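# Reading the structure
If you want the building blocks of each chain, they are given just below.
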Amino acid sequence: TEACLGAIEGASALNAFVHHTPDLARAQAEAADARLKSGDAPDLCGIPLGIKDLFCTKGVASQAASRILEGFQPEYESTVTRQLWEQGAVMLGKLNMDEFAMGSSNETSTYGGAVNPWRRADDETALTPGGSSGGSAAAVAADLCLAATGTDTGGSIRQPAAFTGITGLKPTYGRCSRWGIIAFASSLDQAGPMTRDVRDAAILLGAMAGHDPMDSTSVDLPVPDFEAALTGDIRGKTIGIPREYRMEGMPDEIDALWSDGRRMLEEAGAKIVDVSLPHTSYALPTYYVIAPAEASSNLARYDGVRFGHRARLDQGDGVTEMYEKTRAEGFGPEVRRRIMVGTYVLSAGFYDAYYNRARKVRTLIKRDFDDAFAAGVDAILTPATPSAAFGLGEMAKADPVAMYLNDVFTVTVNLAGLPGISVPAGRDKQGLPLGLQLIGRPFEEGDLLNVAGVLE
Ligand code: GLN
């Protein structure tokens, strides 16, 4: 814990931690020491972690990197973090992210972007750690904490993991409780571990997962011993390569990475088959209807009364002006864009044309995966991202849709509710890390982690 606290202080340029809790960390570390001495030491006893700012942590600022939650200190603890503290883990502080988890570069954060500890071989341009869990990824990659929590609605664990050379797992929808995690798109959001390697991901997932009566979508299934699933033996497993993921204009190095992954799995005894997921090309537009729709509804609660920031009002302003001014000041441009899109697609005149249509296409996307698994495929291998980390400011300047294209390989997994993992599996020509994604059967995270272990 002391080593991490020192490292965090020395790495303020990475802008990874946005709220520091050294006193709490030391108190938890001392309690962990006492537990270790008494012989009652669970796996995470004394392990210092960083927590994404989207998790409500009791008495500790929890702002979702938004100005509208300025000053908000929850009176309750999210289920996932409560379980971590019960396991003896230590909280170093809260980690930077895109505002309300909307973004792919961490640049929509009210604190400014987190910075990737990696640099291109031939220039010193500061790079994005990805998003929205960019602070989590930067902190783990720079050894500021032993592991971190992230959340993933459309790729926010897997894309930053790929950009920073770490492992990131999005569990099956329902595996981890969403209670106390600030909601973005409730039918897509899942918490998951961001770690140095697959074994750590297995251990951390075991502590984060489990049924919670406070979240009606959390599933009442036993939490298996994920670490015990890491046998390294994948002989006889069938791995699908989905042809629709071979995108037009895909960079050679991503193609080469994908082939390398395929070869590694084959050499380890897996059988490789081509699969078709025919509705893949509809995934991004479907996601960018459903996610903003749910976000516009979830974010209606920020009204200047119940949480955080309230605008200064003028003489004669009524409650409507208070809502309008508070929300205009409190939300950044990307969040406002999502609220407007979401409100539009849910409006009476367009509901059937957009939202209902998107829900139907979502079912077709899920069926594509169901069919592949029913045909005997155990896991699906794809690249995690269409490129390596890009420069800070590079994409934000472009049209917002260019940023959305980052999620092309990851959003399908959330729409289908499946587990997906990104593992560092190679480098680009500039020496930057690249990630491969494996997609698994629902609630088979153990098997998924086991296959992923072969790629690292
Ligand atoms: N980049 C995607 C978005 O902006 C995904 C974000 C996420 O997974 N939280 O919506």
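Residues numbered from 1 in each chain as written. Predicted model: local features only at pLDDT ≥ 70, side-chain atom pairs only at ≥ 80, totals over all residues.

This paragraph deals with the site of the ligand. Around the ligand, 13 residues are found, and the nearest of them are A101, S104, T153, G154 and S156. Considered class by class, the residues forming the shell around the ligand number 4 nonpolar, 7 polar and 2 charged. (Near = placed C-beta within 6 Å. Nonpolar A, V, L, I, M, F, W, Y, C, P; charged D, E, K, R; others polar.)

Further remarks concern unusual backbone geometry. The omega torsion of the bond from G131 to S132 falls at 5°, within 30 degrees of zero and hence cis. Relative to the helices and strands, S132 resides in the loop between β3 (90-95) and α4 (134-141). For N106, which is not glycine, the phi dihedral falls at a positive 70°. Counting through the fold element by element, N106 comes out in the loop between β3 and α4. Phi is positive for F443, close to 60°, though the residue is something other than glycine. Structurally, F443 is set in the loop between β11 (433-440) and α14 (445-455). (Helix = DSSP H or I, 4+ residues; strand = E, 2+ residues; numbered from the N terminus.)

Glancing now at the UniProt feature "active site" (unreviewed entry) in the protein. Per the UniProt annotation, the sites labelled "active site" (unreviewed entry) are K52, S132 and S156. Despite a sequence span of 105 residues, these residues sit close together in the fold, their greatest C-alpha distance being 11.2 Å. In this structure, K52 sits in strand β2 (residues 48-52). Contact partners of K52, with chain neighbours within four places excluded, come to L95, M97, S133, S136, A148, T149, G150 and T151. We classify S132 as buried; it has 36 C-beta atoms within 10 Å. Excluding residues within four positions of it along the chain, S132 makes contact with M97, D98, A101, M102, G103, N106 and S156. (UniProt positions renumbered as here; feature names shortened; annotations may be inferred. Contact = placed C-beta atoms within 7 Å. Buried ≥ 20, exposed ≤ 12 C-beta atoms within 10 Å, placed from the backbone.)

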